[in-house]
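Here is what each chain is made of, one letter per residue.
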Amino acid sequence: MCDYSLHHVATRPARIEDELVTTKFSNSITRGFAAAGEPHVAVCLLPGTEIAFDENVECEPSFGLRILPNKKIGHRLARFRQINMDNSVIHHDALEFPDGQMVLLTRLCVGQRAMVLQLPTAARRPEIRENQARPAVCEPSLSS
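Residues numbered from 1 in each chain as written. Predicted model: local features only at pLDDT ≥ 70, side-chain atom pairs only at ≥ 80, totals over all residues. Heavy atoms only, no water.

Caption draft 1: Spatial organisation of a negative patch on the surface. Among the surface-exposed residues, Glu17, Glu19, Asp54 and Glu55 lie close enough to one another that they form a single negatively charged patch. Within the fold, aspartate 54 resides in the loop between strand E5 (50-53) and strand E6 (58-59). (Patch = residues over 30% accessible without salt bridge, like charges linked within 9 Å, V, L, I, M, F, W, Y side chains within 5 Å. Areas by Shrake-Rupley, 256 points an atom, 1.4 Å probe, with all protein chains shown as cover. Salt bridge = Lys/Arg side-chain N within 4 Å of Asp/Glu carboxyl O. Lys, Arg positive; Asp, Glu negative; His and termini not counted. Charge placed at Lys NZ, Arg CZ, Asp CG, Glu CD. Helix = DSSP H or I, 4+ residues; strand = E, 2+ residues; numbered from the N terminus.)

Quick look at the structure:
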């Protein structure tokens, strides 16, 4: 998914092995992921997408004051999540790290590189989702 504040930015869905860069989009008040080489196109992740950063992740401090140093997360692996879905006017896109820590994408420092390692199962195999959505049809028995 792409956060509500990226609705005025060109988007595309993430693919396995996409090389991503944390980006501040010019048509938006937020940050997100762009594909390397496509800085004006937001790459939208589905909840459960696993990514690996080239280096330990850094984000801005919670209060957004530029006088405080960036926070070092201490992890390179993360899973995309959506949080606070009950409030439509705040950011929802977040990363969950192995220690349970959640960080909003919009707090990530710009220029960090990551790769999409794995998409959620339903995203990789849409035919399964379609089959599960259809009710089972029982054939009439030929024996009486």
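Caption draft 2: Molecular detail of the pattern of salt bridges. If you walk through the whole model with that rule in mind, you get 7 salt bridges. Between glutamate 38 and arginine 12 there is a salt bridge, with the nearest N and O atoms lying 3.3 Å from each other. Residue glutamate 38 is located in strand E4 (residues 38-44), and its partner arginine 12 is located in strand E1 (residues 10-13); the two are separated by 26 residues in the primary sequence. Here glutamate 96 makes a salt bridge to arginine 81, at a shortest N to O gap of 2.7 Å. Of the two residues, glutamate 96 is situated in strand E9 (residues 93-96) and arginine 81 in strand E8 (residues 77-82); the sequence distance between them amounts to 15 residues. Taken together, the salt bridges that share partners define one network made up of Arg12, Arg15, Asp18 and Glu38.

Caption draft 3: Inspection of the nonpolar core at higher detail. Phe33, Leu45, Ile51, Phe53, Leu95 and Leu108 are the most contacted members of the largest nonpolar core, which has 21 residues in total. Contributing elements (two or more residues each) for this core: strand E3 (31-35), E5, E8 and strand E11 (113-118). Ranked by size, the runner-up nonpolar core spans 6 residues in total, among them Cys2, Phe25, Ala34 and Ala42. (Core = buried A, V, L, I, M, F, W, Y, C linked by side-chain atoms within 4.5 Å. Buried < 20%, exposed > 50% of the residue type's maximum accessible area, 1.4 Å probe, protein only.)

Caption draft 4: View of the packing of aromatic side chains. Under the defined criterion, the tally for this structure stands at 1 aromatic pair. With a centroid separation of 6.2 Å and an interplanar angle of 45 degrees, the aromatic rings of phenylalanine 33 and phenylalanine 53 are classed as tilted. Taken together, the residues span a long stretch of sequence, with phenylalanine 33 in strand E3 and phenylalanine 53 in strand E5 at a distance of 20 residues. By relative accessible area, which is 1% here, phenylalanine 33 ends up buried. Using a relative accessible area of 1% as the deciding quantity, one classes phenylalanine 53 as buried. (Phe/Tyr/Trp six-rings, centres within 6.5 Å; stacked < 30°, edge-to-face > 60°.)

Remember, this is a structural readout, not a statement about activity or role.
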